[in-house]
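A look at the structure
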Amino acid sequence: MAERHKKEEDREALAGLSPVPQPHRVNHSYSQQLRGNPGEKRHQGRKHSLDDIPRPVDRDLSDDEFFNRSSSIATSNSINDGGGKDYVASYRLDQSLLMDDGTEDVRQCQLLQEFVGAAAGAAIFKVPVRAAVHPGRPPCLELRPHPLRETQVGKFLRNIVCTETQLWAGQENGIRYWRFEDSFEPGLHGKARRGDEDAAPFHESVNTSPTLCLSVDNGNRLVWSGHKDGKIRSWKMDQPVDDDSPFKEGLSWQAHRSAVTSIIMSSYGDLWSGGEGGVIKIWPWESIEKSLSLRPEEKHMASLLVERSAIDLRSQVTVNGNCSISSADIKCLLSDHIRAKVWCAQPLHFSLWDARTKEFLKVFNIEGQIENRVDTQSSQDQPVEDEMKVKFVSSSKKEKHGFLQRSRNAIMGAADAVRRVATRGAGAFVDDNAKKIEALILTADGMIWSGCTNGMLVQWDGNGNRMQDVNPHARAIQCLCTFGTRIYIGYVSGMVHVTNLEGNPIAGWVAHNGPVIKMAVGNGHVFSLATHGGIRAWNTSSPGPLDPVLRAELAAKESTYTKRDNIRILIGTWNVGQGRPLHEALMSWLGSVSSDVGIVAVGLQEVEMGAGFLAMSAAKETVGLEGSSIGNCWLDAIGRALEENTTFERLGSRQLAGLLVSLWVRRSIRMHVGDIDAGAVPCGFGRAIGNKGGVGLRIRVYDRIMCVVNCHLAAHLEAVNRRNADFDHIYKNMSFTRSSTGLNNAAAGVSTASHTVRVPNASGGNSSEEQKEAKPELADADMVIFFGDFNYRLFGISYDEARDFVSQRCFDWLREKDQLRAEMKAGKVFQGMREALIRFPPTYKFERHRPGLAGYDSGEKKRIPAWCDRVIYRDNRSGEGNDCSLQCPVVSSILLYEACMDVTESDHKPVRCKLHVKIAHVDRSYRRKVFGEIIQSNEIVRSFLEELRYVPETIVSTNSIVLQNQDTSILQITNKCVKDKAIFKIICEGQSTVDDGEPAEYHPRGSFGFPRWLEVTPAAGIIKPECSVEVSVHHEEFHTLEDLVDGIPQNWWCEDTRDKEALLTVIVRSSTSTETRRHQVRVRHCLSSKTVRLGSKSGSKKGSGGSFNRAESDAADGAINSHNP
């Protein structure tokens, strides 16, 4: 009878904890009883040690500790039962996620009070700064806002180039381009596929193999693309397009057996291509021009014509099987238009070629040392099996070590192996890959700059001599571009740095939240492409006086492009104690309260334990593997409870030993949630084993970053400092560098390393900028939610006292003895974070399968009940009363925080927490339109842009040059401006056969290249104010060896240049101008020379003019000498 009475009491106690009000029942907490009638008799239990402690009440706590969210959104209902005892009425959850007008109905929901931990002085725990316009970078045009990664599978953008009127992008399934005139137009929304809804209008090609490289041929209005299938394709810039159908390629041919990694047009109009295995091929312009002239129905013949004209440079420098250049893949090609050379960059070597004669000049390494022959044999890595071996203690009858000792030795051996392999891997990365070449550019002063993976920027002269190196940012360089006298550097960190031509830094800013993989200049902007596919345009004058004007104008119109959305998030945590999933338990825990939530995050601890499993898990982590069959079983069971594929979709998961975290999103809001990445930080056994630690997932929700971290911290009552240290280690080292889904990570630019070992900066410096970059990734999130088995216990209280307080539901007293609350109040852990006031019984430790509060551990150890399982969060609020805005974009409140006491399958009770989250974000499509309106209507902006059109006055000494055989003429270009430098470039707009009485018809070569009989040195450079530069215009007989011309074997031959005239154009601009001025110079070769046929290669010799011109080219290196006129 007594047992039945006790069960009824337990059942009533559990019912009193429910958020749904019970009919004709008023629930009182112990603290509320203390505020009752002073004469009322209180509980006469044991003489508790807490009786002498001042009794706190919720309303008396200071504001910096608690924040009553009820007052800001919903008014709490005070109910008086006649005895003078007020209490906050329980709320009823609204079952609708969104109302018809798009706003969530929270009028019927009373939000829970929250405890706020003390904020520490460390900047890493402060709320990240948010604003309508980013204060730390210039205002930019978002041509293509950051798309969710899941929408880009098989369609990632890889590279970009600019023509005079368009931006072209190569993607994994073809080509697309934007017209500059459409840059400010709003997105296509419903007409565009997912991921491009907010992008400016664009046109897309038919599907092709992944596009790896692009090159622009302005002379023939073509864009050339190199593809993974080894083909090179041409695309017309001005072709008519239909918005409903993709445009098609022009000329295409099979250029390489494997991927084409780089293509360029040389200064003589030939197409050079590099591929895998160090293969370099030249496609002469003569064969390309002929193929382009054929009709569409002759497409096959055109392709065959180009394929047969190929010149394989690698085979020409291979003698007796020994090749002068490395067999490593070609990273990039560069045309030195100033000296008519071509640079070929491989990861650790450069090779230099003559663009006119196609001769091999030299090969040198990244240190500038000339190499006569490169060893192509790849060195074998030293075996590391010995490092991976786990040393188990041998079992011997004479040994007295028990099972626990052997298990400990096994785990410690695995931890030691993991640490050694990770350290060796990190060191190998630094040693072998730190100096790999990633990018190459030619600047206006004639210097070549290379960017390396260690952040080093190296300057070379035109002959391949290393001049200097600088390190403006200690991160891997991904791309380079130049405009005027500036160099733009894109980094893997998302930074863009700007330097002058001497390498001195000018500015730097975070351009993207992912690696900047490509940059291009056009239409007065520098376009940057991030690895996630977002494209932004930065004015070439930035940073400059235009930026604050644009920033102020955009901020003033914030309300016009601000959007707000609401979402509910359910967080569940459960230490399952190596149990197996039961559908009934999962439904009681998650399924019963998920009907009105948009996102569900579930964290499990102790999914699987044991020394063998932990050692195996640690070994798998070193090679990027994770998960277990039991973990997958739990995920499937949770999916069934949440009606996976019907109501919810599984977004991703991450498992580290016994820790498992997973995310689920409602299908109706799936289009707004994505970019999921995962991370893991082990904390057990030397910070290498995952029996303790944290696993996290990072997602974008309505363009805001949210992180959920499932933790299992150090156990035992006295290990408070260890728990604090575990949290600190997880917070500072959680790195989301691994996608938790099966996407194409390589294409997406996502690292596939399971655990990134952070190595010191290459520079070894401790600058404030580097310290700022060391800021943890969790610190940059808009919302961070920690949950799990934190293992904080109750202190200063006995087992019996705790049981009595729990039975009386005196949780206000128990909270005062909570270790976690005390540590948060002191600012030692979870700094500045929030937790709802706990109004449920302690969730640890219970006897399995024993229901009710009587299930607390009553064994020999009698562990004191404790709130081990918790949910703590931080949003964008830096203080109280912050409204949801672009300055404070994520504002959260707690609707539900409770334990599921009816679940008995573990020694812990599952805990769930429901958050109501308000999110403010930018309508990027509309803001682009607003940005365009400011550019076009603001008088200050228009006046400044007009100033950028200024071009220095220049004079060209002549507009007509006549050359005889081997003749040289000097063309003088004078800068008349007294203040600004003039930047010039000489191109050839075409060649014509002179015929008296007939108008000249000029036919341009590729990229306005020079005819082979003409040498112009230097063809580009900088002219100082009131100075001039002399340009040598020289006629040279052309000798070459081509295996096939139009498919016919040829001997050495000399091109006939009779009656030819070339139209040279001198293009002049200032260092910042967006406009150019042009001077035309006609160069005629008036005397003919008969074709010279030579029988063998050894019999060919160059005239004196050729050797003179080579010396002249060498003298032109450096600053391109200019002198006073």
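Before going into details, it helps to say that this report is about the structure given with it. All residue numbers refer to positions counted from 1 along the written sequence of the respective chain. Local features in this predicted model are restricted to residues whose pLDDT is 70 or higher, and side-chain atom pairs enter the listing and the counts only when it is 80 or higher, whereas totals over whole chains, interfaces and linings include all residues. Water and hydrogen atoms were dropped before computing side-chain values, which therefore reflect all heavy atoms in the structure.

1. Some words on the overall build of the protein chain
The way it works is that DSSP assigns letters per residue, a run of H or I at least four long becomes a helix, a run of E at least two long becomes a strand, and they are numbered from the N terminus. Each helix and strand counted, the protein chain has 21 helices and 60 strands in total. Buried means the residue's accessible area, taken with a 1.4 Å probe over protein chains only, is under 20% of the maximum for its type, while exposed means over 50%, and partly exposed covers the values in between. Classification of the 1125 residues of the protein chain by burial places 56% in the buried group. Residue contacts follow a heavy-atom distance rule, with two residues in contact if any of their heavy atoms lie within 4.5 Å. Of the contacts made within the protein chain by residues no fewer than 6 positions apart, 67% connect residues no fewer than 24 positions apart. Only the protein chains shown count as cover for residues, and the accessible areas themselves come from Shrake-Rupley with a 1.4 Å probe. Carbon and sulfur atoms provide 48% of the accessible area of the protein chain, an area that totals close to 47600 Å².

2. Some thoughts on unusual backbone geometry
Cis geometry is adopted by the peptide bond preceding Pro543, which originates at Ser542 and carries an omega value of -5°. Here Pro543 lies in the loop between strand S34 (535-539) and helix H9 (546-556). Here Thr1017 and Pro1018 are connected by a cis peptide whose omega angle stands at -10°. Residue placement: Pro1018 occurs in the loop between strand S51 (1014-1017) and strand S52 (1020-1023). Even without being glycine, Ala657 reaches a positive phi, approximately 55°. The phi dihedral of His849 falls on the positive side, at around 60°, and the residue is not glycine. By the secondary structure assignment, His849 is in the loop between strand S43 (834-836) and strand S44 (869-874). Residue class for His849 comes out exposed when judged on its relative accessible area of 57%.

3. Focus: the packing of H9 against helix H20 (residues 939-947)
Helices that pack against each other are described as a pair by the angle of their axes relative to one another and the distance between those axes. To get an axis, fit a line to the C-alpha atoms, keeping to the stretch in contact for a helix; angles then go from 0 to 180 degrees between the N-to-C directions. Following both chains from N to C, one finds H9 and H20 inclined at 155°, their axes separated by 10 Å at the closest point. In this view, H9 runs roughly antiparallel relative to H20, as classed from their interaxial angle. At the point where H9 passes H20, the crossing takes the left-handed sense. Contacts from Leu546, Val549 and Leu550 of H9 reach H20 at Ile940, Val941, Phe944 and Leu945. Roughly parallel refers to an angle under 35 degrees, roughly antiparallel to one over 145, roughly perpendicular to one between 65 and 115, and oblique to any angle outside these ranges. Take the far helix as your reference; a near helix turned counterclockwise from it by less than a right angle gives a left-handed crossing, and one turned clockwise gives a right-handed crossing.

4. With respect to the pattern of salt bridges
The term salt bridge refers to a pairing of a side-chain nitrogen on Lys or Arg with a carboxyl oxygen on Asp or Glu at a separation within 4 Å. Taken as a whole and assessed by the stated rule, the structure comprises 60 salt bridges. For Glu114, the salt bridge identified is with Arg834, shortest N-O distance 3.6 Å. A residue pair is termed long-range when its members are at least 10 positions apart, and Glu114 in strand S4 (residues 113-116) and Arg834 in strand S43 qualify at 720 residues. Both residues of the pair, Glu114 and Arg834, belong to the buried class. The partner of Arg650 in a salt bridge is Asp636, and the shortest N-O contact between them spans 3.1 Å. Note that Arg650 is positioned in strand S37 (residues 648-656) and Asp636 in helix H12 (residues 629-641), a separation of 14 residues in sequence. On the accessibility criterion, Asp636 (37% relative accessible area) is partly exposed. When salt bridges with common partners are traced through the structure, they connect Glu142, Arg536, Asp675, Arg700, Asp703, Arg924 and Arg927 into a single cluster.

5. Quick word on the sheet that holds strand S5 (residues 141-144)
In short, DSSP must find at least two bridges between two strands for them to pair. The antiparallel open sheet is built from four strands, whose spatial order is S5-S34-S33-S32. Of all the strands in the sheet, just S5 and strand S32 (516-522) have a single pairing partner and so form its edges. Between one strand and the next, the sheet's axes are offset by a mean angle of 25°, whatever the strand orientation.

6. Observations regarding the sheet that holds strand S50 (residues 982-993)
Within a sheet, adjacent strands bond to each other through the backbone by hydrogen bonds, running parallel or antiparallel. Within the open sheet, the five strands sit side by side as S48-S59-S58-S50-S52. Their pairing is mixed. The sheet terminates laterally at strand S48 (960-963) and S52, the two strands that pair on one side only. When the angles between neighbouring strand axes are averaged without regard to direction, this sheet yields 25°. Here S48 runs beside strand S59 (residues 1077-1085); their pairing, made up of four bridges, is parallel. Looking at S59, one finds that Leu963 is bridged to His1085.

7. Some remarks on empty space enclosed by the protein
Here a cavity denotes grid points, spaced 1 Å and computed from the protein atoms alone, that fit a 1.4 Å probe unable to get out, and a pocket denotes an open set having protein on both sides within 12 Å along at least 5 of 7 lines; residues with an atom within 4 Å of a point are the lining. Grid points are joined across faces, edges and corners, and a volume is the space filled by probe spheres set on the points. Under the definition given, this model contains four cavities of 30 Å³ or more. There is about 70 Å³ of room inside the largest cavity. Lining the largest cavity we find eleven residues, and of these Arg815, Arg821, Glu835, Ile838 and Arg870 sit closest to its centre. Throughout this entry, Asp, Glu, Lys and Arg are counted as charged residues, while Ala, Val, Leu, Ile, Met, Phe, Trp, Tyr, Cys and Pro are counted as nonpolar. The remaining residues, Gly among them, count as polar. Along the lines of polarity and charge, the residues of the lining of the largest cavity split into six nonpolar, no polar and five charged.

8. A few points about the packing of H9 against helix H19 (residues 924-937)
Between H9 and H19, whose axes approach to 10 Å, the crossing angle comes to 130°. On the basis of their axis angle, the class for H9 and H19 is oblique. Along this stretch, H9 crosses H19, giving a crossing that reads as right-handed. Contact with H9, carried on its side by Leu550, Glu553 and Leu554, involves Arg927, Val930, Phe931, Ile934 and Ile935 of H19 and no other residues of that element. Here the contact of H9 with H19 is composed, by residue class, of six nonpolar, no polar and two charged.

9. Concerning the packing of aromatic side chains
When the centres of two rings from Phe, Tyr and Trp lie within 6.5 Å, Trp using its six-membered ring, the rings pair. Their planes under 30 degrees apart give stacked, over 60 give edge-to-face, and anything left gives tilted. Here the structure, examined in full by the defined rule, presents 31 aromatic pairs. Geometrically, the ring pair formed by Phe350 and Trp460 is edge-to-face, given 5.0 Å between the ring centres and 65° between the ring planes. Here Phe350, found in strand S22 (residues 349-354), pairs with Trp460, found in strand S26 (residues 457-460); they are 110 residues apart in sequence, far enough to count as distant. Accessibility classification places Phe350 together with Trp460 in one group, the buried group. Here, a charge over a ring is recorded when the distance from Lys NZ or Arg CZ to the ring centre is within 6 Å and its angle to the ring normal is within 35 degrees. Over the aromatic face of Phe202 sits the side chain of Arg176, whose NZ or CZ is 4.1 Å from the ring centroid.

10. Some details on the nonpolar core
Nine residue types can take part in a nonpolar core, namely buried Ala, Val, Leu, Ile, Met, Phe, Trp, Tyr and Cys, and a core is a set of them joined through side-chain atoms within 4.5 Å. Grouped together as the largest cluster of nonpolar side chains are 59 residues, with contacts concentrated most on Ile571, Ile599 and Tyr897. The biggest single contributor to this core is strand S46 (residues 911-922), with five residues. Ignoring sequence-local partners within four residues, the contact set of Tyr897 consists of Leu112, Glu835, Ala836, Leu837, Ile838, Phe840, Asp869, Arg870, Val871, Val911, Arg912 and Cys913. In this structure, Ile282, Ile311, Ala340 and Val1033 belong to the second largest nonpolar core, which totals 43 residues.

11. Let's talk about helix H4 (residues 285-292)
Those residues of H4 lying buried are Trp285, Ser287, Ile288 and Ser291. The arc that holds the buried residues of H4, viewed along the axis, is 165°, so those residues lie on one side. Directions pointing from the helix axis toward each C-beta atom define the arc.

12. Structural notes on the environment of Gly610
Here Gly610 lies in the loop between strand S36 (599-605) and helix H11 (611-622). For the pair Gly610 and Ala657, spaced 47 residues apart in sequence, the C-alpha to C-alpha distance is 9.6 Å.

13. Details of the pairing of strand S28 (residues 477-483)
By the criterion of burial, S28 is predominantly enclosed, with five of the seven residues buried. As paired strands, S28 and strand S29 (residues 486-491) are joined by six bridges and run antiparallel to one another. Opposite Phe483, over in S29, you have Arg486 as the bridge partner.

By themselves these figures say nothing about function.
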